[in-house]
Structures are given as structure tokens and as C-alpha cells.
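Below, each chain spelled out in residue letters.
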Amino acid sequence: MEEEQEKGKPEFEKILADVGHYGAFQKNLVRWFLFPGVVPLAWFSLNIVFFMSVPDHWCYVSELVTSNLSVKEQKIIIRPMQKQRGEDELSHCEMHDFNYSQILVDLLEGSEVRSILSRHNSTSNVPCPSGWMYDQTLYDSTASRQWDLVCDKDPLPNLVFTLTGVGSVLSTPIYGSLSDRIGRKLTFFLCVFVTLVSGIASLFVPSFTAFLVLRMINGGLSPTLFQLPYILLFEIVGKDKRTEIMSIGSIAWTVGLCTLPLFAFLLRDWVLLGIVTTCFCVPYFLYWRFLPESPRWLVSMKRYDEAVIILTRIAERNGNPVPSNLLERLKKVEEEAEREKQSNTSHNVIVLFRYRNLRKHFILLTLIWISISIAYNSLQLNVTNLYGNEFINFFLLGIVELPSYFLCWYLMEKLGRRWTNVGLMFMVGLSALIPTVVYSKIGVGFTIGSLVGKFGSSGALMVIGQQAAELYPTPVRSVGIAGSSTIAWVGTILAPYILYSGTYDYRFPFLIIGGVSLVASVAASFLPETLHANLPQTIEDGENFGLDQKFFSCIGHSWFLRSPPETQSYKSSLSLVLQEKEGEKNN
């Protein structure tokens, strides 16, 4: 049996097994590149959340600013009460139409603030004529404060987040294509360089428009920077270790999430925060000599001699003998790839819409992915609007991802992918909706609901990626995953404006998050289970996959749990089952 499996392996997998598919060479890359390399990605990808934080603000009144009044007393005198976000709050954008000089005279005469306000009772309010004062409890300065992105400009911080998502949608295919043309290694360092330059430049430009453009360029690099370290490692490790690498990378990302608010808390200034976090790009250049190019990519470019050198290094570092006839075997790998490419030339994303079942899977997976993206990104970006300290809230929203990954992995192997995703998205929906019914204003309840929702959406992201990889048939697996995940960026683009709806009523974002999550929960129940299944290898396999599964089942129909006989293909096994059912129906 082992010999038969060895025969069925692609040639490159055999070469990788000979040089060592997870030896000292790969472990060093994980230890010294993957983990320490992914941690800072969270810092310069999400520092924008703290850049755009909008502190409490009120109208600037020169007479009061130069007086001896405390900030608290100034706010009492300046700010009228208005209906905001569905409840009465002190206004941020208007001030009492008072004679503030006379108020100061009255204060000097010994009158109390409350009695003065009652005597100077104003029946009208006016917009802030001279700008705003900002609370400095948490920050000395933010980008929102520098450009006064408040009141009539308050949609602009959300525009920054939206254009970051747009930048990702536009640039990810470009950098992906570039990595296929010039190599994974060179593309990675090019992205690091552009991230460093655009990130630092955005901190010192004089206009908000220039800042916006540079942040769109900077944010558009984040997905590529996140993906390339995985790709480099995926292409030199065995299949059984790829899940481990993904888990290590996810943990590293969470470590970055949890430590970022510490930087923001200690530095207090958005420019300093930007310089410190973005300059962590610089150590990446030390990897230039240490990091190998992908030998798979070199073979695809017919650069066999360079691939031989790298594979020889891997074998020697892993303590394995260098395979004989390595050059000839690598040429055979390219021949296999060419044959596979020719056999799959007609398979593109259009194929997913030609067949009923494949079309259903694509639509459901994409819809669920968008919903998860909306929930995950909205809850993460909403940290500055939650009750309590936003630095602590950001840390908590990061740390809940760790137990989510471990629990999710356990449930996927025990209950299956389908019902795990249904349960997680149902949890997200309830955690967002319950606080809107139970609590009358933003408080601890909404913070707890956000933490539970982030826990569920983090796990659901892991599940949906696994389901997509197992549901799309081999010829269109990459195309299907790329299509669904790219469209899912719509959720990232919409998230800031979902949060902006909270300026009208604080419950609106939670109602939207809860609604789309419940829709995703229902949609996930109509996907077939893939746990222990024989994955679809052809387009026909994908079209027929899951047709005989029952709706109320945990791990699918028993036919999908057993391997097909060696003398029959997946297609012929399915045909026999369908013939039996047809015969039963006729009888």
C-alpha cells in the first residue's frame, strides 16, 4: 500500500521527502522567520486603528481656554445636551450661544458654574466657529485630531479604513502575479520596501488627501505580506506539516494583535507609533541572505541549477544524502506541471457557474465568507467605540483568537466542518443581537458581546478556508478559493460604514453584524460535510459531491466516509450508488 501511495505522489513531493520535508532547515525558517516575521505584520497593518481614533472633543472657546477653569468646568459651560446615537449626550459639534466673557466676569465675582448657566440660559446653539479641543487622557495626538476629522468630517476616518480594503482588492492580484513572475523572495522584499516607504511618508505629508493615498498603498500590501511567508514555507514542507505552519502563523499574528495596544499606550502620539511600528520592516532585510527562493518556483521558471543548489542546502542541513539525478528529476517535475496545465486550460472561474451544484457551493461559500469578514473586521475596528479602555479592549479582542483556534480545530475534527461553522456563526449572531435587546446604552454588555463575537468569527474564518479547500474540485480549487476570498474583501470595505451607522444609533452596527451572521449560519447548513470525505478530483466529482448526504447529519453519509475500492474510480462508485437509488425508485 505504501509503495502504491509513493507511486501516486507527484515527483516534487518525492524529492522533498528525500531531502527532508520538515527537518532542521524548515524548522529554522519557522523559528527565525515565520513566527518573528508574522508578529510585526499585525503592528504595521493595524496601527491605523489607533491613528484614526477620535478622542472626546468639544468646541474651542478662546476665553475659557486662557482662563483658570478646569477642563471639566469648561466642558460643562460649553457643551449643550443633544440627541445623539439614539440617546441624550453632550454635543461634540455645537456650543451654547453665550457671552463667555461675561460668564468669566461672573465667575470672578464668586458665582458657581451651575447658577451662572441658569442665568445665562441660551435658547440656541451654534456650530464650533474656532475648531475643537480634544481630550488627552489616552493620546497626545492622533491623525483624526491633526486634520480635525470630526463633526462634518466624521465620515473621513471610516474612508481611510475603506480605501485600505480597496487597496487590498486592487493590489493583491498584482503582487500575486508579480510573485509568479519574479519570484516569492524578491516580491516579498519589494513589498516590505514599499510598506516601509509608504508607511513612513504617510506620517509626514501635509495634506489629508496625500495621507489617504499613501495609506491605501500601504494597506494594500498587507495581504501579500501575510501570504508570502506561508507560500515560501508551504512549498518546501510536506503536506502533513502545512496545518502546523498555518497554526504557528495564526498564533504569531495573535501575539502581534495583543502587543500592538501596548505600543499605542506607551507612545501616545500617532506619528511616534507609526515610526516605531513601521520601522519593524527594516529587520526583514536581514533575511535576504538567509531566506531561500522557492525551489518549486525556480523549477517552474526552468531555473533548474538554482533549484538544485537550494535543495542540496536543504538536504545537507537536514542531514540527508543529496538525491542522485536531482537535475533530471526536477526537469520531470516541470514536465508533470506542463501536462497538468494543458489538461486544465479550460478550467477557470466560469466553470463554477456552468454546473448547478458547483454554482451553489461557490455562492454559499462566498456569501458566508463575506459575512464572516464583515463580523470579524467590524468587531476589530469598533474597538475605539466600546465601553472601557480601548487599549485593553483591543488586547482582549486579540487574545480571544487563541482559544478560538484550538477549540475550532478540535470541533472540526469531531463534529465536522459544516456544523462547526453553523454553530460559530450562530454564536456571533446572538452575541451581537442580545446586547441590543438587553442593554439600553453602550456598556460592559456590548464589550462582552464583541469579545464573544470575535471569538466566533475568528474560528469561522479558519473553518471557511478549510471548507473551500475541500469542496472545490482539484482543477478549480485555486480559482475557487481566490474568487471567494477576493469577493469576501467586500466585507472589509463595508465594515467601516457599518460602524459609521452607529453615529445614528449605537445599536445599528450590532444589528447588522448579528443579522448577516445569522444568515451565514443558515447558509452554512446547506453546504455538504467534508470531514473524512473523498475530496472531489474532477469537475464531475465536484458537481456530484454531497448529493446523497442527509441534512441532519454530523459527518455526512457513510458512503463518503469510506475509501472507494481500488478497482473503481470515484466516478464509477458514485454511478453505482445512483443506479441503486434509481432501481429502488422504479420498484
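Please refer to the structure higher up on the page.
Residues numbered from 1 in each chain as written. Predicted model: local features only at pLDDT ≥ 70, side-chain atom pairs only at ≥ 80, totals over all residues. Heavy atoms only, no water.

Asks: Any chance you could explain the state of the cysteines here in plain terms?
Replies: A covalent bond bridging the sulfur atoms of two cysteines is what the word disulfide describes. Per the counting criterion, the structure on display carries two disulfides. Two residues share a disulfide in this structure: C59 and C128, whose sulfurs sit 1.8 Å from each other. Its S-S torsion of about -70° marks the bond between C59 and C128 as left-handed, since a negative value means left-handed. Here C59, found in strand β1 (residues 57–59), pairs with C128, found in the loop between β5 (125–127) and β6 (132–134); they are 69 residues apart in sequence, far enough to count as distant. Owing to a relative accessible area of 13%, C128 belongs among the buried residues under this scheme. Bridging C93 to C151, the disulfide has an S-S length of 2.0 Å. Looking down the S-S bond of the C93 and C151 bridge, the torsion is -100°, so its handedness is left-handed. Pair noted here: C93 is in the loop between β3 (87–90) and β4 (94–96) and C151 is in the loop between α8 (143–146) and α9 (156–182), with a separation of 58 residues, a long-range link. In the protein chain, the cysteines engaged in disulfides, taken in order along the sequence, are linked 1-3, 2-4. You can see C281 has no disulfide; the closest cysteine sulfur is in C279, sitting 8.0 Å from it. (Disulfide = S-S within 2.5 Å. Helix = DSSP H or I, 4+ residues; strand = E, 2+ residues; numbered from the N terminus. Buried < 20%, exposed > 50% of the residue type's maximum accessible area, 1.4 Å probe, protein only.)

Asks: What is the right way to read the environment of A533 from this model?
Replies: For A533, the position within the fold is in the loop between α26 (508–524) and α27 (539–544). A relative accessible area of 14% places A533 in the buried class.

Asks: So what exactly am I meant to see when it comes to the nonpolar core here?
Replies: The tendency in soluble globular proteins is for nonpolar side chains to be buried as a group. By size, the foremost hydrophobic cluster in this structure holds 89 residues, and its most contacted members are M52, F188, F211 and L330. At 16 residues, helix α3 (residues 24–51) tops the list of elements feeding residues into this core. For L330, the contacting residues outside a window of four places in its chain are F12, I15, V299, Y304, A307, V308 and L311. (Core = buried A, V, L, I, M, F, W, Y, C linked by side-chain atoms within 4.5 Å. Contact = heavy atoms within 4.5 Å.)

Asks: How should the pattern of salt bridges be read in this particular structure?
Replies: Pairing between side chains of opposite charge can happen when the charged atoms of each approach one another. In total, this model carries 13 salt bridges according to the counting rule given. Salt-bridge contacts for E13 lead to R296; the nearest nitrogen and oxygen are separated by 2.7 Å. Taken as a pair, E13 in helix α2 (residues 11–19) and R296 in helix α15 (residues 295–300) lie far apart in primary sequence, 283 residues in all. Given a relative accessible area of 23%, R296 falls into the partly exposed group. With a closest N to O distance of 3.2 Å, R79 and D56 form a salt bridge. One end of the pair, R79, is in the loop between α5 (71–78) and β2 (81–84); the other, D56, is in the loop between α3 and β1, and 23 residues separate them in sequence. Note on R79: relative accessible area 6%, which makes it buried. Here the residues in one salt-bridge network are D56, K75 and R79, joined through shared partners. (Salt bridge = Lys/Arg side-chain N within 4 Å of Asp/Glu carboxyl O.)

Asks: I keep staring at the packing of α9 against helix α10 (residues 184–201) and nothing clicks. Help me out?
Replies: Relative orientation of the contacting elements α9 and α10 amounts to 135°, with a least axis distance of 7 Å. The angle between the axes of α9 and α10 places the two elements in the oblique class. Two secondary-structure elements touch here, α9 through Y175, L178, S179, D180 and I182 and α10 through R184, L186, T187, L190, C191 and V194. Considered class by class, the residues forming the contact of α9 with α10 number seven nonpolar, two polar and two charged. (Axes fitted to C-alpha atoms, helices over the stretch in contact; angles between N-to-C directions. Parallel < 35°, antiparallel > 145°, perpendicular 65-115°, else oblique. Nonpolar A, V, L, I, M, F, W, Y, C, P; charged D, E, K, R; others polar.)

Asks: When you look at the packing of aromatic side chains in this model, what are you seeing that I'm missing?
Replies: Note on aromatic pairs: each is described by the distance of the centres and the angle between the planes. Going through the model one piece at a time under the given rule, you end up with 31 aromatic pairs. Ring plane angle 75° and centroid distance 5.5 Å describe the contact between F51 and W270, whose orientation is recorded as edge-to-face. Note that F51 is positioned in helix α3 and W270 in helix α14 (residues 270–278), a separation of 219 residues in sequence. A relative accessible area of 0% places F51 in the buried class. Taking 5.2 Å as the distance between ring centres and 70° as the angle between the ring planes, the aromatic pair formed by F353 and F362 counts as edge-to-face. In this structure F353 comes out as partly exposed when scored by relative accessible area, which is 41%. Each residue in the set F33, F44, F188, F189, Y284, F285, Y287, W288 and F290 is aromatic and connected to the rest through ring pairs, giving one cluster. (Phe/Tyr/Trp six-rings, centres within 6.5 Å; stacked < 30°, edge-to-face > 60°.)

Asks: What am I meant to see in unusual backbone geometry here?
Replies: Most peptide bonds take the trans form, and the phi angle of most residues other than glycine is negative. Its identity as a non-glycine residue notwithstanding, C151 has a phi of 55°, on the positive side. With relative accessibility at 14%, the residue C151 sits in the buried group. Phi at R268 is positive, roughly 70°, even though this residue is not glycine. By the secondary structure assignment, R268 is in the loop between α13 (242–267) and α14.

Everything listed is a geometric property; what it means functionally is a separate question.
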